[in-house]
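The lines below spell out each chain.
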Amino acid sequence: MTKKYLLMAAAIGLFSAAGVYAAGIPEGGSPLFRKARAFYAAGQYDSTIVLIREHLRRHGRDPESLTLVPLIAEAYMRKGENAQVHRLIDMYNQQFPDAPFVPRLAYLQGVAYARQAKPAQALTSFSNALNLGLSADLFNLTLVNAENVCGRSLSVDELSTISSKGELHAVLLEIVRFYEIQKLFASGQTVRARNSADEFRRMYPRSRYTEQVKDFLGRVSKDQHKGAPVQVGLLAPITGEDAQIGQFILQGVKLAFDDHNARSHNPVKLIVYDTKGSPVETAKRSKELITKDHAQFCIGPILSNTAAVSAAMFSGKDIVMLTPTANEDGISSIGDNIFQMNVTLGAMARKLARYAVENLNVREFAIIAPNSGFGYAMAEAFKEELSRRSIETVHEEYFDEGKHDFTQELRRLRSRLLMRRLEAIAVERGNMQRITQVTRADSIRYADTTFAVGGLFMPLLNYEDVVKLAPQVVFQRIRTQMLGAGRWDDPRVPTEGKRYVQNAIISVGPQIDQTGEAWTNFNAAHRARFNSDANRISAMGYDAAQLIVKLINENGGADVGKMRKALAAVQGYSGLSGMVTFDPQTGANSEVLIMKVTETGFMRVH
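Residues numbered from 1 in each chain as written. Predicted model: local features only at pLDDT ≥ 70, side-chain atom pairs only at ≥ 80, totals over all residues. Heavy atoms only, no water.

Caption draft 1: Structural view of the overall build of the chain. Along the backbone of the chain there are 25 helices and 15 strands. In terms of C-alpha radius of gyration, the chain reaches 35 Å, well past the compact-globule figure of 25 Å for 606 residues. For the chain, the spread of C-alpha atoms along the three principal axes comes to 110 × 70 × 45 Å. A burial count over the chain gives 52% of its 606 residues as buried. Long-range pairs, those at least 24 residues apart, make up 64% of the contacts in the chain with a sequence separation of at least 6. Of the roughly 28,200 Å² that the chain leaves accessible, carbon and sulfur atoms contribute 48%. Distance between charge centroids for the chain: 3 Å, based on 72 positive and 63 negative side chains. (Helix = DSSP H or I, 4+ residues; strand = E, 2+ residues; numbered from the N terminus. Rg over C-alpha atoms; globule rule 2.2 N^0.38 Å. Buried < 20%, exposed > 50% of the residue type's maximum accessible area, 1.4 Å probe, protein only. Contact = heavy atoms within 4.5 Å. Areas by Shrake-Rupley, 256 points an atom, 1.4 Å probe, with all protein chains shown as cover. Lys, Arg positive; Asp, Glu negative; His and termini not counted. Charge placed at Lys NZ, Arg CZ, Asp CG, Glu CD.)

Caption draft 2: Representation of unusual backbone geometry within the structure. For the bond running from Gly-300 to Pro-301, omega is -5°, close enough to zero to count as cis. Mapped onto the elements of the fold, Pro-301 is located in the loop between strand 3 (297–299) and helix 16 (304–314). One non-glycine residue, His-294, adopts positive backbone phi at about 50°. With respect to the helices and strands, the residue His-294 is situated in the loop between helix 15 (279–291) and strand 3.

Caption draft 3: Spotlight on the nonpolar core. Tyr-92, Leu-123, Phe-126, Cys-150, Leu-172 and Ile-175 are the most contacted members of the largest nonpolar core, which totals 66 residues. Per element, the largest residue contribution to this core is nine residues, and it comes from helix 11 (residues 170–186). If sequence neighbours within four positions are ignored, Tyr-92 has contacts with Ser-65, Leu-66, Val-69, Pro-70, Pro-97, Ala-99, Phe-101, Val-102 and Leu-105. Grouped together as the second largest cluster of nonpolar side chains are 40 residues, Val-253, Leu-255, Phe-297 and Leu-576 included. (Core = buried A, V, L, I, M, F, W, Y, C linked by side-chain atoms within 4.5 Å.)

Caption draft 4: Broad picture of the sheet that holds strand 7 (residues 392–399). One open sheet holds the seven strands; their spatial order is 7-6-8-9-10-14-15, and the pairing between them is mixed. With partners counted over all chains shown, the strands left at the sheet margins are strand 7 and strand 15 (602–604), one partner each. The sheet shows a mean angle of 25° between the axes of neighbouring strands, taken without regard to direction. In this fold helix 17 (residues 345–358) packs onto strand 6 (364–370), strand 8 (451–460), strand 9 (478–486), strand 10 (505–508) and strand 14 (593–597), with an angle of close to 145° to the strand it touches most, strand 10. (Pairing = 2+ DSSP bridges. Axes fitted to C-alpha atoms, helices over the stretch in contact; angles between N-to-C directions.)

Caption draft 5: Spotlight on the pattern of salt bridges. Inspection of the entire model under this criterion finds 29 salt bridges. Between Arg-350 and Glu-384 there is a salt bridge, and its shortest N-O distance comes to 3.8 Å. Of this pair, Arg-350 sits in helix 17 while Glu-384 sits in helix 18 (residues 373–388); the two residues are 34 residues apart in sequence, bridging distant segments of the chain. The exposure class of Glu-384 is partly exposed, given its relative accessible area of 37%. Between Arg-354 and Glu-385 there is a salt bridge, and its shortest N-O distance comes to 3.5 Å. With Arg-354 in helix 17 and Glu-385 in helix 18, this pair connects stretches of sequence that are 31 residues apart. If you follow the salt bridges from partner to partner, you end up with Asp-329, Arg-350, Arg-354, Glu-358, Glu-384, Glu-385, Arg-388 and Arg-389 in one network. (Salt bridge = Lys/Arg side-chain N within 4 Å of Asp/Glu carboxyl O.)

Caption draft 6: Quick look at the layout of surface pockets. The space that makes up the largest pocket amounts to roughly 920 Å³. Lining the largest pocket are 30 residues; nearest its centre among them are Asn-342, Gly-486, Arg-487, Asp-489 and Arg-536. For the lining of the largest pocket, the elements supplying multiple residues, two or more each, are strand 5 (338–343), helix 17, strand 10 and helix 24 (536–555). Broken down by class, the residue content of the lining of the largest pocket amounts to 17 nonpolar, nine polar and four charged. (1 Å grid on protein atoms, 1.4 Å probe; cavity = no way out; pocket = protein on both sides within 12 Å on 5 of 7 lines; lining within 4 Å. Points joined across faces, edges and corners; volume = space filled by probe spheres on them. Nonpolar A, V, L, I, M, F, W, Y, C, P; charged D, E, K, R; others polar.)

Caption draft 7: Looking closely at helix 10 (residues 156–165). Buried within helix 10 are the following residues: Val-156, Leu-159, Ser-160, Ile-162 and Ser-163. Buried residues along helix 10 cover an arc of 165° about the axis, so they all sit on one side. The exposed set on the far side of helix 10, more than 90 degrees from its buried face, consists of Ser-164 and Lys-165. The first or second residue beyond helix 10 is Gly-166, which carries a positive phi of 60°. (Arc of directions from axis to C-beta.)

Caption draft 8: Layout of the pairing of strand 7. Looking at chain direction, strand 6 and strand 7 are connected through seven bridges and run parallel. Counted as the bridge partner of Ala-369 is Tyr-398 from strand 7. As for the winding sense of the linkage, the β-α-β connection from strand 6 through helix 18 to strand 7 is right-handed. (Right-handed = clockwise from strand over helix to strand, strands pointing away.)

Caption draft 9: Geometry of the packing of aromatic side chains. Scanning all chains against the criterion turns up 14 aromatic pairs. Taking the centre distance of 5.0 Å and the plane angle of 50° together, the rings of Tyr-92 and Phe-96 count as tilted. We classify Tyr-92 as buried; its relative accessible area is 1%. Exposure remark for Phe-96: the relative accessible area of 16% places this residue in the buried category. Plain terms: the ring middles of Phe-382 and Phe-457 are 4.1 Å apart, the flat faces sit at 10° to each other, and that makes the pair stacked. (Phe/Tyr/Trp six-rings, centres within 6.5 Å; stacked < 30°, edge-to-face > 60°.)

Any link to function would need more than the numbers given here.
Spelled out as structure tokens, the structure:
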């Protein structure tokens, strides 16, 4: 048994010296019963058990079992043999469902569950005991034990779950809801705590906990005017494979918060946790931010797989999570207090699809993408947007990353386009039979024919893939509007891709303006502090911290709920790493740009 539960069991007042059970039993009874009762009252529980057990073995159906079983159950309880207690009580309830001792045994079973570290079952048994009817003394003892269970053995989330079900006796529900409020305040979840406290006061206007609830509210009100530091956690891989990314983010965050603390009356305390890029480590650190540090904000996690872990843990809690870099679609949708500052892959793919349909009037598409999480995520989001508009995707190809010869993929695309050509010819001739494959003769006949497809979506993570794939599309005589995402915005693409990439339409995230005064000042401060130039990642860390600073300055940093709403309302925030506009429905940055590849670089078209 853990120390936690040993303390709890010691605090539960079960019996007087003579025993609650013994005090409630008539002095009379058979000689056997009187002897067993004397053993119990003297604390000789083994003798009590041996005597009664032997009698039950020989005369199990004897009517005297009505009084003997409760006594042996309490003796087992005294010895801490809780499994035996449950077994005996279950058998007793089946044999004597209307016995006067049933309510007392329900209470006893609750104590056994509490000692076994099963607090939820303990409350259920206490509730059954109250519903069955208890004496005044045992009624009060049940409430004391219920308070011990709620105060020492149940987390705030467990209390909230029990409270929401509303299945317990009304008196126990009042206890559960009070301790839920108490633990919400203790964990720093002040918004939920205040809301629960207000509801509690409406539900229980004459509660014995009324003054304590008022005290909680009063202390929170005082704390909000003390100018206490706002607790901001940073979850980033400071060590491990992705340590460089985490270090860049940390540098940007430190610059922003140090500048803020030097000038503000609403200081920030930065709590840095190393996630090591591990989902398990991230879960541990996320829990610490909530339960130990009571952080109001979390910057990060940095990687998408770890950001999803924290988002699930923070959802519904009094903490706002802002990940500056995670770009997997749907992370911010996990909770209304979760935000993604980086543009997601899905957002870029969907906006590019919309632009191609609405502005370029493309009505059919093909896709060539890497056989990776990035490639499939981009392709699925692109197709999802087309599907909403009943637009056709005629063909898809996926290639292994690192491959630079796309002949096979493009030939399969040509074959599909040829099949469509043959189907169209057949329809014109009145032949409605579907063509299922292209013959060798057809392939030879149309070998030099150029085939067209309205748009060819090519999300690519490496600029070398761009400058090698684009010429091969032309070489394979496929006429199309090239559509790109990923590293199509690399400055080497227009020069190395030459005429093959010109007029391609691409979607990109917010762009950095490294020519402005703001970037020059940031880079100078970065170099002075860390002896290195700033980059896009450190700028994203800086922007995330600056957004939090903005909320603190505007809201005093006291009300997490108010700050969450303020962050959700951010529109057109001009950061060093680009513009930020949070979609009010998803909490993700919607600032996707549509660019055209030109001979000299990139030109924004939307």
